Amino acid sequence: MKLWSDEKLYWLALFLIQGLGNSVYRKLLERFGSPRSVFDADFPELMKIEGLKKEVAQRIIKKEFVSNPNEELRQTEKCNARIITYKEPSYPELLKQISSPPMLLYVKGKDLPVKQTLIGIVGSRNPTHYGLRSSEKIALGLARRNIGVVSGLAKGIDSAAHEGCLRGKGFTVAVIGTGINIVYPSGNRRLFDQISESGTIISEFPVNTPPEPKNFPIRNRIISGLCKGIVVVEATKRSGSLITASFALEQNREVFAVPGSIDSPQSIGTHFLIKQGARLIEKPDDILEEFGFYSDGNRDTNVLLNNASILSDMDESEKKVYEVLGDYPIHIDEIVRTVSMDTGVVSGILMKMELRGIVKQIVGKMFIR
């Protein structure tokens with residue numbers, strides 16, 4: 001029986017059978033060759049597939065879908081997205097290697113670059129300033145080396161990773177836990193639109209799927225599955241980022257972790273990963289070296305050169321204050337004690353640096369570079 005003229009609608013229709021998981025979907029493909037042939041099969045033939053439940057086979061025979069495939073495709077195209085299937089050349093090869101790859105992906109934006117190396121950066125939704133800065137700097141450094149950055153568009157570390165990659169004119173991929181037409185969190189609309197224009201948004205959930213908690217651990221396996229390695233910047237003991245790291249290990253991907261303060265709850269997860277054997281990293285070079293992207297004699301010295309340029313324009317007092325500052329916020333009183341200068345002098349120096357964009361003041365008279 002001919003249902004549709006578009007082969008992709010058969011893929012979508014089978015995807016919309018309630019209770020049919022990716023593993024059994026793939027077994028059906030292996031046995032029957034295509035989704036169209038699956039719908040042409042009779043009940044006894046379907047029941048020969050290991051793992052296919054009787055009620056799910058009956059839904060295939062009766063063509064009972066959770067939503068109308070034609071309408072699903074229309075809604076996808078309406079939001080300027082498209083569907084790519086497991087068998088298409090544009091489907092990511094690395095993702096095919098995981099234990100339960102999605103049989104189809106909703107994609108918005110550019111096609112995924114087939115040959116570009118991707119690194120995932122994930123972490124806390126409630127990060128410290130140090131975590132945000134670390135995430136952005138690592139993503140920026142990777143982008144400048146033509147390494148793509150994958151994350152989950154969540155607030156916090158994920159957003160900083162996407163933004164750092166965009167700043168570095170790199171290619172970033174956002175794997176979301178909602179329908180492709182839903183922006184979550186809603187405050188990330190601008191970032192969502194930026195990624196849609198210069199990168200890629202990916203989802204395996206039907207359109208209009210809300211941000212249910214169960215969706216995010218599911219999407220995490222795709223973040224790691226797309227990448228050669230995963231960087232965890234900050235994570236609490238029960239963070240979803242540890243789930244992503246666990247998927248990465250199962251998928252034989254490299255796991256990296258950024259160390260943090262022993263006093264910060266957001267460092268508990270990353271320090272746990274380091275104790276378990278994750279590679280401690282401090283800068284993008286550490287990741288690049290792990291994959292042999294360049295030799296020791298060809299290190300990226302952009303940060304060192306920038307710091308040297310900044311210091312060359314300072315007098316001795318300014319240098320003393322600047323060298324006290326780092327990625328962790330430090331209170332002005334502590335700066336005053338460390339440099340042994342009057343509070344008024346230090347305040348004046350910090351103000352000048354802030355106006356030049358060298359340092360940043362955050363809440364409570366705390367300063368960072």
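Note that the structure is a prediction, hence the values are computed from the model and not measured. (Residues numbered from 1 in each chain as written. Predicted model: local features only at pLDDT ≥ 70, side-chain atom pairs only at ≥ 80, totals over all residues. Heavy atoms only, no water.)

Q: Can you explain the nonpolar core? Please cite residues and give values.
A: Membership of the largest hydrophobic core comes to 71 residues, with the highest contact counts inside it found for Leu 12, Leu 20, Leu 28, Leu 46, Leu 52, Ile 60 and Leu 226. The element best represented in this core is helix α1 (residues 7-15), accounting for seven residues. (Core = buried A, V, L, I, M, F, W, Y, C linked by side-chain atoms within 4.5 Å. Buried < 20%, exposed > 50% of the residue type's maximum accessible area, 1.4 Å probe, protein only. Helix = DSSP H or I, 4+ residues; strand = E, 2+ residues; numbered from the N terminus.)

Q: Account for the environment of Ala 154, naming residues and giving values.
A: Its location among the elements puts Ala 154 in the loop between β4 (148-151) and α9 (157-167). Since its relative accessible area comes to 6%, Ala 154 is described here as buried.

Q: Describe the packing of aromatic side chains, and please don't skip the residues or the numbers.
A: On inspection of all chains with the given rule, the structure shows six aromatic pairs. Linked through ring pairs, Tyr 10, Phe 39 and Phe 65 together constitute an aromatic cluster. We note Lys 96 situated over the ring of Tyr 86; from NZ or CZ to the ring centre the distance is 5.3 Å. (Phe/Tyr/Trp six-rings, centres within 6.5 Å; stacked < 30°, edge-to-face > 60°. Lys NZ or Arg CZ within 6 Å of the ring centre and 35° of its normal.)

Q: Explain the side chain of Thr 270 residue by residue, including any values.
A: By secondary structure assignment, the location of Thr 270 is in helix α13 (residues 268-275). On the accessibility criterion, Thr 270 (0% relative accessible area) is buried. Polar contacts involving the side chain of Thr 270 include one to the main-chain carbonyl oxygen of Ser 267, which spans 3.0 Å. The residues touching Thr 270, leaving out its near neighbours within four places in the chain, are Val 232, Val 233, Glu 234, Ala 235, Ala 257 and Val 258. (Polar contact = N/O pair within 3.5 Å; in protein donor to acceptor, adjacent residues only side chain to side chain. Contact = heavy atoms within 4.5 Å.)

Q: Kindly report on helix α17 (residues 332-339), identifying the contributing residues and their values.
A: Among the residues of α17, those classed as buried are Ile 332, Ile 335, Val 336 and Val 339. The buried residues of α17 occupy an angular sector of 100 degrees when the element is viewed end-on, so they sit on one face. (Arc of directions from axis to C-beta.)

Q: Let's hear about the packing of helix α16 (residues 316-324) against helix α18 (residues 343-355): which residues, and what values?
A: At their nearest, the axes of α16 and α18 sit 10 Å apart, and the two run at 80 degrees to each other. Of the possible angle classes, the one that applies to α16 and α18 is roughly perpendicular. For the pair α16 and α18, the contacting residues are Ser 317, Glu 318, Val 321 and Tyr 322 in the first and Ile 349, Leu 350, Lys 352 and Met 353 in the second. By residue class, the composition of the contact of α16 with α18 is five nonpolar, one polar and two charged. (Axes fitted to C-alpha atoms, helices over the stretch in contact; angles between N-to-C directions. Parallel < 35°, antiparallel > 145°, perpendicular 65-115°, else oblique. Nonpolar A, V, L, I, M, F, W, Y, C, P; charged D, E, K, R; others polar.)

Q: Describe the sheet that holds strand β11 (residues 360-362), and please don't skip the residues or the numbers.
A: Sheet architecture is open: three strands sit in the order β10-β12-β11, paired in antiparallel fashion. Where the open sheet ends on each side, the last strands, each with one partner, are β10 (330-331) and β11. Taken together, the three bridges between β11 and strand β12 (residues 366-368) define a ladder with antiparallel strand orientation. In the strand pairing of β12, Ile 362 is matched with Met 366. (Pairing = 2+ DSSP bridges.)

Q: Which residues make up the pairing of strand β7 (residues 229-232), and what are the values?
A: Side chains of β7 alternate between two faces, with Gly 229 and Val 231 and Ile 230 and Val 232 buried alike. Of the pairings in the sheet, the one linking strand β3 (residues 118-122) to β7 comprises four bridges and is parallel in character. By the bridge assignment, Ile 121 is partnered in β7 with Val 231. Pairing analysis gives four bridges linking β7 to strand β8 (residues 254-257), with the strands arranged parallel. The residue bridging Val 232 from the neighbouring strand is Ala 257, located in β8. Handedness of the β-α-β unit built from β7, helix α12 (residues 240-250) and β8 comes out right-handed. (Right-handed = clockwise from strand over helix to strand, strands pointing away.)

Q: Residues and numbers for the confidence of the model for the protein chain, please.
A: Predicted confidence across the protein chain gives a mean pLDDT of 89, with 93% of residues reaching 70 or more. Ignoring residues within four places in sequence, the model shows residues 295-305, a span with pLDDT below 50, making 11 contacts including any to other chains. (pLDDT = per-residue confidence, 0-100.)

Q: Which residues make up the pattern of salt bridges, and what values go with them?
A: Pairing is possible between side chains that carry opposite charge, provided their charged atoms lie close to one another. Scanning all chains against the criterion turns up 14 salt bridges. Linking Arg 82 and Asp 111 is a salt bridge whose minimum nitrogen-to-oxygen distance equals 2.8 Å. Taken together, the positions of Arg 82 in strand β1 (residues 81-85) and Asp 111 in the loop between β2 (104-109) and β3 put the pair 29 residues apart, joining distant regions of the chain. With a shortest N-O distance of 3.6 Å, Lys 214 and Glu 212 are connected by a salt bridge. (Salt bridge = Lys/Arg side-chain N within 4 Å of Asp/Glu carboxyl O.)

Q: Please provide a residue-by-residue account of the packing of α9 against helix α10 (residues 189-198), values included.
A: Between α9 and α10, the least distance of the axes is 11 Å, while the angle of their chain directions is 45 degrees. Comparing the axis directions of α9 and α10 gives the class oblique. In this structure, α9 meets α10 at a crossing whose hand is left-handed. For the pair α9 and α10, the contacting residues are Ser 159, His 162, Glu 163 and Leu 166 in the first and Arg 190, Leu 191, Gln 194, Ile 195 and Ser 198 in the second. Residue classes in the contact of α9 with α10 are distributed as three nonpolar, four polar and two charged. (Left-handed = near helix turned anticlockwise from the far one by under 90°.)

Q: Quick rundown of the pairing of β1? Include the residues and the values.
A: The buried count for β1 comes to four of five residues, which makes it a mostly enclosed element. As paired elements, β1 and β2 share five bridges and run antiparallel to each other. Among the inter-strand pairings, Ile 83 is bridged to a residue of β2, identified as Tyr 106.

Q: I'd like a description of unusual backbone geometry, backed by residues and values.
A: Residue Pro 185 is bonded to the preceding Tyr 184 through a cis peptide linkage, with omega at -5 degrees. Within the secondary structure, Pro 185 is located in the loop between β5 (172-175) and α10. A positive phi angle is found at Lys 63, which is not glycine, with a value near 55 degrees. Position of Lys 63 among the secondary structure elements: in the loop between α5 (54-62) and α6 (69-78). Unlike most non-glycine residues, Asn 80 shows phi in positive territory, near 60 degrees. Take Asn 80: it is sitting in the loop between α6 and β1. Asn 80 gets classed as exposed once you look at its relative accessible area, which sits at 60%.

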